[in-house]
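Architecture at a glance
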Protein chains: 2
Amino acid sequence: MSKSLPKRSENYSEWYNELVKRADLAENSAVRGCMVIKPYGYSIWEKMQRALDDMFKETGHTNAYFPLFVPKSLFEAEEKNAEGFAKECAVVTHYRLKNNPDKPGKLMVDPEAKLEEELIVRPTSEAIIWSTYKNWIQSYRDLPLLINQWANVVRWEMRTRLFLRTAEFLWQEGHTAHATREEAIAETEQMLHVYATFAEEFMAVPVIRGKKTANERFAGAEDTYCIEAMMQDGKALQAGTSHFLGQNFAKAFDVKFVSKENKQDYVWGTSWGVSTRLMGALIMAHSDDEGLILPPKLAPIQVVIVPIFKGEEQLNLISETVLPIVAELKKKGISVKFDHSDKQSPGFKFAEYELKGVPIRLAIGARDLANGTVEVARRDTKEKKTYAISEIVETVSNLLEDIQTNIYQRALNFRFENTHQVDTWDEFTKILEENPGFIAAHWDGTPETEEKIKELTKATIRCIPLEAVEEEGKCILTGNPSSKRVIFAKSY
Amino acid sequence: MSKSLPKRSENYSEWYNELVKRADLAENSAVRGCMVIKPYGYSIWEKMQRALDDMFKETGHTNAYFPLFVPKSLFEAEEKNAEGFAKECAVVTHYRLKNNPDKPGKLMVDPEAKLEEELIVRPTSEAIIWSTYKNWIQSYRDLPLLINQWANVVRWEMRTRLFLRTAEFLWQEGHTAHATREEAIAETEQMLHVYATFAEEFMAVPVIRGKKTANERFAGAEDTYCIEAMMQDGKALQAGTSHFLGQNFAKAFDVKFVSKENKQDYVWGTSWGVSTRLMGALIMAHSDDEGLILPPKLAPIQVVIVPIFKGEEQLNLISETVLPIVAELKKKGISVKFDHSDKQSPGFKFAEYELKGVPIRLAIGARDLANGTVEVARRDTKEKKTYAISEIVETVSNLLEDIQTNIYQRALNFRFENTHQVDTWDEFTKILEENPGFIAAHWDGTPETEEKIKELTKATIRCIPLEAVEEEGKCILTGNPSSKRVIFAKSY
Ligand SMILES: [Zn+2]
Ligand SMILES: [Zn+2]
């Protein structure tokens, strides 16, 4: 714990990697590209899961579970989807090991246990789920079908980074089926807004809601909606996607229904997902050179109390005051840790809880006891203030709300300062070099221009914002007419 | 829904299979041996997870997540464990698909994307976890390490049955590391008792706590504890296991620690798990020929209210009375569904909620309204009674507790009636043929005798009960001396 973190200003990327490890969030495993999510990191993910799951259920969805494996013949049924994922599929070809006759004590794949049909480890579950929906849907009465799954998926990425891009990751994937196009689009948009609300209200990360360009669409979707967040280095991070699938999967898997009017038609589909990638967004949006800064709503420990004492007697006196505070805070649903271990110094503990992003730290020593006060330090601003013990529970409770609001506002201000309306190519390239962030600029709507801009600048169109105003303009690259601005940025 | 279930007395096995499907719990998938857990089934599993997870956390454990894949070299490090699972491993050998040049639109495994080292889809995670623990543990200060994981695992079973035995299943696996043998044994026993408490208090399924014989131990464990439950056909179902691993995995993965006394030693391990198999136990322990019987503590819907009405006006009148009841029940934390759909008749709904095992059904029609009464039907006994509307909330609340207790007591009585102390071989074989159940009998303690009995009768030693009294006796097969009775049964 003694060595300090790399500074964001010097090496943002290294700062992130080190922070993830030192704050005990995750680490690389013995399996190429797969991570171990450590207990502290996982406890944040659990809080995310709980909040999202509640929101899914409030919007009428239920959870289910579908197989990890997708038989190759199902996998390839929706061609665009298959094409999109074929290059990053882990494939199970055998179902048994046997003793290696050449190497005693070692095992080898048993060549006699070869599968007739290979199984793909799901990179996403549309194929296996739509092949199941075929049996579940006959009539309009079976619709809408609103199902979500919490699962692990595998995409064989060559360059991986903890949380941001890993071969295996955890996620939820919603898969819904509807009687009409309109209803499916409404569902796609509803779930985008659920994600946006979660990002902003729980993660305290402001996001832009938008649509992807055709180039960046999910393989097999007619339309992909997304939320995009700005990290502290000005880069964009796609934090969630919601896809309108049209009738593509229904056609690939022959999922038809009989309507109220007794007509047969293919059903309309959506899918939507967020993953452990959100952990990366959370870390990069708020944290500083001393460590994590967690929004109170997702912090596993919201308040830590560090007693400053010499010997058991002093600790006992402090505990007499602290324990009722702990009890009262818990009663209010606040998660609090009283760290009275004598193995580490208070200074060490302060640094440790800063690193871990605990929103509020209370410190109390003999002098505080005499004065009837507690020192309160907030993680986000590092401000310290002394409060009377009698008002500490209310103070903490209010402060947690303040911190949640403050870090959201700070991230929003940061995004505002680093978002530029740009109308010329010179300005566009200059800003990308000197002052990375979001650029709202006109684009002529063609994939070719989009591709060209990417080649020239590494910036991509993050999205066409839903709230973009209609405005006449000229494409920054080609000068061709455009009716609204899109968001360009370099991205994770 | 019109066709009735097979009867338990006629074909218990078929009754189970049909019930699982018709009650919308699970179904077979397109992947051999893998199931789809349907929303209603999954919502029961979620309740189990929540209760277990709370108990794990109360006993000091935290959750984490380790990779799905285990490199072959790690997998084979603990030889006994590897041997035990080698024959049922799904193996990933390739990481890419490509277009099949011979079949346009079809994919094939890309032979150029062969992994240097094969990856085993985890059948259990000791290997990957202990290889990680090596880096996490240096000193006694890092111990105990108390971690649990909720995950999917794959064991390539040839004969599968929904929930009871599937190629992929969901489970939790605890993996702990300790400084002393005694502490690790205490942990193993503690978790056994957590499982037993969960089975009895939540699932309402009485269990026998015991130890497995050497033959039946987990591959790589020094001792395996288990809980065994009796199903309604008298067969035993192993509902959870807790393993004392000794230093086996620590030695295989070189996990050492420096003790307080500054001595280096291998750490001591445990692992323990329960799976979606518990769903099978829950279903088979309580349900009847009309459908599921769920314990209130795990029922997704605890109370259903079915209005009996003609036309909207009547429904509105009934709703005026029912909605405040719904609100009050919800306030008490009771999950209640007011099924006022007019698409199905009340009779159809009654049958449907019986099939789904909803513990309490309230029915209310125009006459009830006039009388200020509600008809209350309990699922476990099928008893119906009429109560005043004013006392309905309290009645329901008490009744839920009654039902929870009653089905536990019923299962306990059933087990008592079907458990026999047997002292002769003749009696032993006769009971197994005529009146299957648990048999408490003496055994000479040798694997050979155990094996012989299994060959002759298909009955196995389910466990050596922890609470077995010391008693001199003679082995039912060999007549050799024995000091306590063990539990024999046929099993799932
Ligand atoms: Zn976007
Ligand atoms: Zn047992």
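Residues numbered from 1 in each chain as written. Chains lettered and ligands numbered in written order. Predicted model: local features only at pLDDT ≥ 70, side-chain atom pairs only at ≥ 80, totals over all residues. Heavy atoms only, no water.

**Quick look at the UniProt feature "domain: Aminoacyl-transfer RNA synthetases class-II family profile" (unreviewed entry) in chain A**
With numbering matched to this structure, UniProt assigns "domain: Aminoacyl-transfer RNA synthetases class-II family profile" (unreviewed entry) to residues 27-295 of chain A. Taken end to end, residues 27-295 of chain A is 29% helix and 32% strand, and its first and last C-alpha atoms sit 22 Å apart. (UniProt positions renumbered as here; feature names shortened; annotations may be inferred. Helix = DSSP H or I, 4+ residues; strand = E, 2+ residues; numbered from the N terminus.)

**A word on the sheet that holds strand 4 (residues 69-71) of chain A**
Pairing within the open sheet is antiparallel, and its 6 strands lie in the order 4(A)-8(A)-5(A)-5(B)-8(B)-4(B). On the outer flanks of this sheet lie strand 4 of chain A together with strand 4 (69-71) of chain B, each paired with one strand and no other. Between one strand axis and the next, the sheet turns by 45° as a mean value, whatever way the strands run. Examined bridge by bridge, strand 5 (residues 91-94) of chain A and strand 8 (residues 114-121) of chain A share 3 bridges and lie antiparallel to one another. Residue pairing for strand 8 of chain A: Val-92 of chain A is matched across the bridge by Leu-119 of chain A. (Pairing = 2+ DSSP bridges. Axes fitted to C-alpha atoms, helices over the stretch in contact; angles between N-to-C directions.)

**Some details on helix 1 (residues 12-22) of chain B**
Residues and elements named next belong to chain B. Among the 11 residues that make up helix 1, 8 are buried, leaving the element largely enclosed by the rest of the structure. Those residues of helix 1 hidden inside the fold are in contact with strand 1 (26-28), helix 8 (277-286) and helix 10 (346-355). A positive phi of about 60° marks Asp-24, the residue just after helix 1. (Buried < 20%, exposed > 50% of the residue type's maximum accessible area, 1.4 Å probe, protein only. Contact = heavy atoms within 4.5 Å.)

**Concerning the domain arrangement of chain A**
Parsing chain A into structural domains produces domain 1 (12-69 + 122-286), domain 2 (301-401) and domain 3 (419-489). Taking only C-alpha atoms into account, the centre of domain 2 of chain A sits 49 Å from that of domain 3 of chain A. (Domains from an automatic or database assignment.)

**Looking at the relation of the copies chain B and chain A**
Least-squares fitting of chain B to chain A yields an RMSD of 0.0 Å, with the transformation described by 0.0 Å of translation along the axis and a rotation of 180°. The transformation relating the two chain copies, once decomposed into turn and shift, fits a two-fold axis. Among all residues of chain B, the one whose C-alpha sits closest to the rotation axis is Val-92 of chain B, at a distance of 2.1 Å. Looking at the interface residues of chain B, 100% of them are also at the interface in chain A, so both copies use one shared face. (Least-squares fit on C-alpha atoms with pLDDT ≥ 70 in both.)

**Comments concerning the coordination of the zinc ion (ligand 1)**
Residue and element names in this part refer to chain A. The zinc ion (ligand 1) binds to the protein through Cys-226 (SG) and Cys-463 (SG); the donor distances cover 2.1 to 2.8 Å. In this pair, Cys-226 is assigned in strand 12 (residues 223-230) and Cys-463 in strand 24 (residues 460-465), connecting sequence segments 237 residues apart. Exposure class is identical for Cys-226 and Cys-463. Each is buried. (Donors = N, O, S within 2.8 Å, 3.2 Å for Na, K, Ca; no water.)

**Notes on the pairing of strand 19 (residues 360-365) of chain A**
Residues and elements named next belong to chain A. For strand 19, the tally of buried residues reaches 6 of 6 residues, placing the bulk of the element in the interior. Burial along strand 19 is two-sided: the residues Ile-360, Leu-362 and Ile-364 and Arg-361, Ala-363 and Gly-365 are all buried. In this structure, strand 17 (residues 303-308) lies alongside strand 19, joined through 6 bridges in parallel fashion. Bridge pairing in strand 19 places Ile-308 opposite Gly-365.

**Thoughts on the interface of chain B and chain A**
With 65 residues of chain B at the interface, the matching set in chain A holds 66 residues. The largest per-residue losses of area from chain B upon contact with chain A belong to Tyr-65, Leu-97 and Leu-107 of chain B, which jointly make up 12% of the total buried on that side. Inspection of the chain B/chain A interface yields 3 salt bridges. Here Lys-57 of chain B makes a salt bridge to Glu-46 of chain A, at a shortest N to O gap of 3.0 Å. Taken together, the links from chain B to chain A amount to 30 residue pairs in polar contact (both at pLDDT 80 or more). By residue number, the principal contributor to the side of chain B that touches chain A is helix 2 (residues 39-58) of chain B, which donates 6 residues. Its residues placed into classes, the side of chain B that touches chain A shows 39 nonpolar, 8 polar and 18 charged. (Buried area = accessible area lost by both parts, 1.4 Å probe. Salt bridge = Lys/Arg side-chain N within 4 Å of Asp/Glu carboxyl O. Polar contact = N/O pair within 3.5 Å; in protein donor to acceptor, adjacent residues only side chain to side chain. Nonpolar A, V, L, I, M, F, W, Y, C, P; charged D, E, K, R; others polar.)

**Considering the side chain of Ser-125 of chain B**
With respect to the secondary-structure elements, Ser-125 of chain B resides in the loop between strand 8 (114-121) and helix 5 (126-136). Here Ser-125 of chain B is in contact with Gln-149, Glu-173 and His-175 of chain B, once residues within four sequence places are set aside.

**Brief notes about the sheet that holds strand 20 (residues 373-378) of chain A**
Backbone-to-backbone hydrogen bonds pair the strands of a sheet. The strands run either parallel or antiparallel. Residues and elements named next belong to chain A. A sheet is described by the order of its strands in space; here 5 strands give the open sequence 18-17-19-20-21, paired in mixed fashion. Taken across any chain shown, the strands that pair with only one partner, and hence form the sheet edges, are strand 18 (336-338) and strand 21 (384-388). Adjacent strand axes in the sheet meet at a mean angle of 25° when their direction is disregarded. Inspection of the sheet shows strand 19 paired to strand 20 by 4 bridges, in the antiparallel sense. Residue Ala-363 lies in a different strand from strand 20, and its bridge partner there is Glu-375. Contacts from helix 10 (residues 346-355) reach strand 17, strand 18 and strand 19, with the element oriented near 170° to strand 17.

**A word on the packing of aromatic side chains**
For the coordinates displayed, the defined rule picks out 34 aromatic pairs over all chains. Ring geometry for Trp-130 of chain B and Tyr-133 of chain B: centres 5.5 Å apart, planes at 65°, overall edge-to-face. Of this pair, Trp-130 of chain B and Tyr-133 of chain B both sit in helix 5, separated by 3 residues, roughly a single helical turn. Their ring planes at 10° and their centres at 6.2 Å tell us that Phe-244 of chain B and Trp-268 of chain B sit as a pair that is stacked. Of this pair, Phe-244 of chain B sits in strand 13 (residues 236-246) while Trp-268 of chain B sits in strand 16 (residues 268-275), and the two are 24 residues apart along the sequence. Taking relative accessible area as the criterion, Phe-244 of chain B reaches 3% and is therefore assigned buried. Pairwise contacts between aromatic rings join Trp-45, Phe-56, Trp-150, Tyr-195 and Trp-272 of chain A into one cluster. Taking the ring centre of Tyr-492 of chain A as reference, the NZ or CZ of Lys-235 of chain A above it sits at 4.8 Å. (Phe/Tyr/Trp six-rings, centres within 6.5 Å; stacked < 30°, edge-to-face > 60°. Lys NZ or Arg CZ within 6 Å of the ring centre and 35° of its normal.)

**So, the packing of helix 2 (residues 39-58) of chain A against helix 6 (residues 181-201) of chain A**
Residue and element names in this part refer to chain A. Packing of helix 2 against helix 6 leaves a shortest axis separation of 11 Å and a crossing angle of 145°. Where helix 2 crosses over helix 6, the handedness of that crossing is right-handed. In contact with Met-48, Ala-51, Leu-52, Met-55 and Phe-56 of helix 2, helix 6 contributes Met-191, Val-194, Tyr-195, Thr-197 and Phe-198. Of the residues belonging to the contact of helix 2 with helix 6, the class tally is 9 nonpolar, 1 polar and no charged. (Left-handed = near helix turned anticlockwise from the far one by under 90°.)

**Considerations on the packing of helix 13 (residues 425-434) of chain B against helix 14 (residues 447-457) of chain B**
Residues and elements named next belong to chain B. Between helix 13 and helix 14, the least distance of the axes is 11 Å, while the angle of their chain directions is 45°. Relative to helix 14, the element helix 13 is oriented oblique. Note on packing geometry: the crossing formed by helix 13 with helix 14 is right-handed. Residue-level contacts link Trp-425, Phe-428, Thr-429 and Leu-432 of helix 13 to Ile-453, Leu-456 and Thr-457 of helix 14. For the contact of helix 13 with helix 14, a count of residues per class yields 5 nonpolar, 2 polar and no charged. (Parallel < 35°, antiparallel > 145°, perpendicular 65-115°, else oblique.)

**Some remarks on the pattern of salt bridges**
Under the defined criterion, the tally for this structure stands at 53 salt bridges over all chains. Of the charged contacts, one joins Asp-24 of chain B and Lys-38 of chain B as a salt bridge, the two residues approaching to 2.9 Å between their closest N and O atoms. Here the residue Asp-24 of chain B occupies a position in the loop between helix 1 and strand 1, and Lys-38 of chain B occupies one in the loop between strand 2 (35-37) and helix 2, the gap between them amounting to 14 residues. A relative accessible area of 25% means that Asp-24 of chain B is categorised as partly exposed. In this structure, a network of salt bridges that share partners links the residues Asp-24, Glu-27, Lys-38, Glu-352 and Lys-356 of chain A.

**Quick look at unusual backbone geometry**
Keep in mind that most residues, glycine aside, have a negative phi and that most peptide bonds are trans. With an omega of -10°, the peptide bond between Leu-143 of chain A and Pro-144 of chain A qualifies as cis. If you trace the backbone, Pro-144 of chain A turns up in the loop between helix 5 (126-136) and strand 9 (145-154). Not every positive phi belongs to a glycine, and Asp-254 of chain A is a case in point at roughly 55°. You can see Asp-254 of chain A is positioned in the loop between helix 7 (248-252) and strand 14 (256-258). We classify Asp-254 of chain A as partly exposed; its relative accessible area is 33%. With a phi close to 70°, Phe-163 of chain B is a non-glycine residue in the positive phi region. Its place among the elements puts Phe-163 of chain B in the loop between strand 9 (145-154) and strand 10 (168-178).

**Some details on the environment of Tyr-12 of chain B**
Residue and element names in this part refer to chain B. Its place among the elements puts Tyr-12 in helix 1. Relative accessible area serves as the criterion here: at 10%, Tyr-12 is assigned to the buried category. In the structure, Tyr-12 is positioned 277 residues away from Asp-289 in sequence and 9.8 Å away in space, judged by C-alpha atoms. Not counting chain neighbours up to four residues away, the residues in contact with Tyr-12 comprise Lys-7, Met-231, Gln-232, Asp-233, Met-284 and Tyr-492. A polar contact of 3.3 Å, which involves the side chain of Tyr-12, links it to the backbone nitrogen of Gln-232. Among the polar contacts listed, one links the side chain of Tyr-12 to the backbone oxygen of Met-284, at a separation of 3.0 Å.

**Digging into the environment of Lys-251 of chain A**
With respect to the helices, strands and loops of the structure, Lys-251 of chain A is situated in helix 7. Sequence separation of Lys-251 of chain A and Asp-265 of chain A is 14 residues, and the distance between their C-alpha atoms is 9.8 Å.

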